[in-house]
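Each chain, letter by letter, is given below.
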Amino acid sequence: MTTDRFVEPSPTPLALLLLGREADPNSEPGVECPGELPAASDPNLIERARAAKQALGDRVFILGHHYQRDEVIAFADVTGDSFKLARDAAARPDAPYIVFCGVHFMAESADILTGDNQAVILPDMAAGCSMADMAAISQVEDAWDVLADAGITDVTIPITYMNSTAAIKAFTGRNRGAVCTSSNARRALEWAFEQGEKIFFLPDQHLGRNTAVLELGLSLDDCVTYDPYKPQGGLTTEQLQNAKMILWKGHCSVHGRFTAESVADVRSRIPGVNVLVHPECQHEVVLAADYIGSTEYIIKTIEAAPAGSAWAIGTELNLVKRLALAHPDKQIVFLDKTVCFCSTMNRIDLPHLVWSLESLVEGRVVNQITVDPEVAHWAKVALDRMLALPGVGAAPKD
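Residues numbered from 1 in each chain as written. Predicted model: local features only at pLDDT ≥ 70, side-chain atom pairs only at ≥ 80, totals over all residues. Heavy atoms only, no water.

### Quick look at the sheet that holds strand β1 (residues 60–65)
Taken together, five strands build an open sheet; the order of strands is β2-β1-β3-β4-β14 and the sheet is mixed. What marks the edges here is a single partner per strand, and that holds for β2 (78–80) and β14 (368–369). Here two bridges tie strand β4 (residues 119–121) to β14, and the two strands are oriented antiparallel to one another. Bridge pairing in β14 places Ile121 opposite Gln368. (Pairing = 2+ DSSP bridges. Helix = DSSP H or I, 4+ residues; strand = E, 2+ residues; numbered from the N terminus.)

Now the structure itself:
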């Protein structure tokens, strides 16, 4: 009788990439990642992380995204959403090492906003974002050519969500557009309509549709969805010319799983429950919810909620669990019965963080994220246009 045992894969480039070491030069920027990760079962990981951070002192600044696992958040100097963290990094110019516990596009934004003397480090190079990956720069440039053939690029302003690659942000900057967050999407769209007649919204169709319809008063008929895998995006020239919002066919793999049935089910199980969702959710989910807003808005809403109130939250599970633990006087549940973490965000774990920090202690910079200077320039143009706009927070639905 034989017993199946896990066998460590041979250190091929593919195996190392899947383990978060090394990088695929054909698909993402990065550097080689020498060294071995500590075992996930190492009982000394917490002490090793604490010791490495203490040894580095003010030379390291650790950023933790709200969707991160608790074991990583415990070592973060600041927590927040992607753009807040990038700005927090820029506000620490004296820290030569910025360790970003998030995903690839977030670390890119931090590299764009920090100084040349600072190294932005992503503990696991395989920590990407499925939504950002749904809009490759070659696809977007091809789509822009389709819009040009339809004769509408002169009146179309591209707006990209923060959850996009640096290359997409740069495309937006070069073409008179701006970046937006889920907090200021309304103001960004209002600004874009002041500059042109149409908006090309990337890469999250749901945030674009929800903002345009529920906050700007457009109709669903004013919105069309561009599918990069279909000829001409699956749209006729007439449809492109008549549309006010041209939405890229992308979505968040976590927020996209919530359904209107999820809302109906939780209402049947918990009388009087308040349903609070992120605007990356599908349109029918947002229509069925009571409150809609960004991650920061969700946190503040729960903090301000009265004791004894019940909440079903439609966002990433790590954050929902953390809110429930922080507010035991309120009933807080995940909107969907089936749990779902952000799988790519969760690639950042304690072994990868310890490896990154101990490498820095040894004088080795690993997994550094470096954005091409030309791309960084135009991406910053798009970011600066956003920063020039007054932010608009989410509010309860009427």
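Now, onward.
### Describing the nonpolar core
Judged by nonpolar contacts, the single largest core of 107 residues is most densely connected at Val99, Ile159, Phe201, Met245, Val277, Ile313 and Leu335. Among the elements that take part in this core, helix α5 (residues 104–113) stands out by supplying six residues, more than any other. Trp144, Leu147, Ile152 and Trp248 belong to the second-largest nonpolar core, a separate cluster that totals 19 residues. (Core = buried A, V, L, I, M, F, W, Y, C linked by side-chain atoms within 4.5 Å. Buried < 20%, exposed > 50% of the residue type's maximum accessible area, 1.4 Å probe, protein only.)

### Some words on unusual backbone geometry
Trans is the common state for peptide bonds, and a negative phi is the common state for residues other than glycine. Pro203 follows Leu202 through a cis peptide bond whose omega is -25°. Take Pro203: it is sitting in the loop between β7 (198–202) and α10 (205–214). Of note, Arg176 is a non-glycine position whose phi angle comes to about 75°, a positive value. Here Arg176 shows up in the loop between α8 (166–174) and β6 (178–180). For Gln232, which is not glycine, the phi dihedral falls at a positive 55°. Summarising the element assignment, Gln232 is placed in the loop between β8 (223–226) and α11 (237–242).

### Here's the deal with the side chain of Gln205
Take Gln205: it is sitting in helix α10. For Gln205, a relative accessible area of 11% translates into the label buried. The residues touching Gln205, leaving out its near neighbours within four places in the chain, are Thr225, Leu247, Trp248, Lys249 and Gly250. (Contact = heavy atoms within 4.5 Å.)

### Remarks on the sheet that holds β8
In space, the five strands of this open sheet follow the order β6-β5-β7-β9-β8, with parallel pairing throughout. With one partner strand each, in any of the chains shown, β6 and β8 form the two edges of the open sheet. Neighbour to neighbour, the strand axes of the sheet diverge by 25° on average, direction disregarded. This element, α10, spans β5 (156–161), β6, β7, β8 and β9 (245–248) of the sheet and lies at about 155° to β9. (Axes fitted to C-alpha atoms, helices over the stretch in contact; angles between N-to-C directions.)

### Focus: helix α4 (residues 82–90)
Considered for burial, the residues of α4 that qualify are Ser82, Phe83, Leu85, Ala86, Asp88 and Ala89. Turning to α4, the residues buried within the fold contact β1, β2, β3 (97–101), α5 and α17 (373–387).

Any link to function would need more than the numbers given here.
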